[in-house]
Amino acid sequence: MIRYPLATIGAIAALIAIAPSAGAQTACAPREQLVKLLADQYKEGRVGIGLAQPGQVMEVFASSHGSWTMVLTLPDGKACMIANGNNWEMVTKIKGSPI
């Protein structure tokens, strides 16, 4: 009778261990590789940067054709594409107006 609960716990633990590796397929790579991919394949360059959580950097890459990608880089150098789209438009702030 003890074997079944242990087997269930083992199966759940195995699924939890597999889940992060399945998530790793969501466009994460060392930052240098990801930036090179965006430049080579999509002709996107960095147009914005800011700090997110402590040690995390958020960047926006965009192309002159309107494609854009948001990238979050972690302190260990791993970067993940967290959003992307089309019709990127640079907005110029008018002096004296709020953000």
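Predicted model, so just to flag it, every value in this text is computed and none were measured. (Residues numbered from 1 in each chain as written. Predicted model: local features only at pLDDT ≥ 70, side-chain atom pairs only at ≥ 80, totals over all residues. Heavy atoms only, no water.)

**Student:** Describe a nonpolar patch on the surface, naming the residues involved and giving the relevant values.
**Tutor:** A contiguous nonpolar surface patch, about 270 Å² in accessible area, is contributed by Val47, Trp88 and Met90. In this fold, Met90 is placed in the segment after strand S5 (78–85). Taking the relative accessible area as the measure of exposure, Met90 reaches 53% and is therefore exposed. (Patch = residues over 30% accessible without salt bridge, like charges linked within 9 Å, V, L, I, M, F, W, Y side chains within 5 Å. Areas by Shrake-Rupley, 256 points an atom, 1.4 Å probe, with all protein chains shown as cover. Salt bridge = Lys/Arg side-chain N within 4 Å of Asp/Glu carboxyl O. Helix = DSSP H or I, 4+ residues; strand = E, 2+ residues; numbered from the N terminus. Buried < 20%, exposed > 50% of the residue type's maximum accessible area, 1.4 Å probe, protein only.)

**Student:** Which residues make up the nonpolar core, and what are the values?
**Tutor:** Formed by Leu34, Leu38, Phe61, Val71 and Ala79, the largest nonpolar core amounts to five residues. Beyond its immediate stretch of four places on either side in the chain, Phe61 contacts Arg31, Val35, Leu38, Glu44, Gly45, Arg46, Val47, Ser67, Trp68, Thr69 and Val71. (Core = buried A, V, L, I, M, F, W, Y, C linked by side-chain atoms within 4.5 Å. Contact = heavy atoms within 4.5 Å.)

**Student:** A description of the side chain of Glu59 should follow, citing residues and the corresponding values.
**Tutor:** Here Glu59 is to be found in strand S3 (residues 57–62). A polar side-chain atom of Glu59 sits 2.7 Å from a polar atom in the side chain of Arg31. Those residues in contact with Glu59 that lie beyond four places of it in its chain are Arg31, Arg46, Gly48, Ile49, Thr69, Met70, Val71 and Thr73. (Polar contact = N/O pair within 3.5 Å; in protein donor to acceptor, adjacent residues only side chain to side chain.)

**Student:** Any details on the state of the cysteines? Residues and values, ideally.
**Tutor:** Throughout the structure, instances matching the rule amount to one disulfide. The disulfide partner of Cys28 is Cys80, and the gap between their sulfur atoms is 1.9 Å. Here the S-S torsion is close to 115°, and the disulfide linking Cys28 with Cys80 is therefore right-handed. Of this pair, Cys28 sits in strand S1 (residues 28–30) while Cys80 sits in strand S5, and the two are 52 residues apart along the sequence. Here Cys28 falls in the partly exposed class, since its relative accessible area comes to 24%. (Disulfide = S-S within 2.5 Å.)

**Student:** Go over the environment of Ala39 with me, naming the residues and quoting the values.
**Tutor:** Its location among the elements puts Ala39 in helix H2 (residues 31–42). Judged by relative accessible area, Ala39 falls into the partly exposed class, the value being 32%. Placed 23 residues apart in sequence, Ala39 and Ala62 show a C-alpha to C-alpha distance of 9.3 Å.

**Student:** Give a detailed account of unusual backbone geometry, specifying residues and quantitative values.
**Tutor:** Of note, the phi angle at Lys43 is positive, near 60°, even though the residue is not glycine. Counting through the fold element by element, Lys43 comes out in the loop between H2 and strand S2 (45–51). Even without a glycine there, the phi angle at Asn87 is positive, about 65°. Here Asn87 lies in the segment after S5.

**Student:** So, the pairing of strand S4 (residues 68–73): which residues are in play, and what are the values?
**Tutor:** By the criterion of burial, S4 is predominantly enclosed, with five of the six residues buried. Across six bridges, the pairing between S3 and S4 is antiparallel. What sits directly across from Glu59, in S4, is Val71. Sheet topology note: the S4/S5 ladder contains six bridges and is antiparallel. Pairing of Val71 across the sheet is with Met81, part of S5. What sits between the antiparallel neighbours S4 and S5 is a turn of four residues, in which Gly77 has the positive phi angle 95°. (Pairing = 2+ DSSP bridges.)

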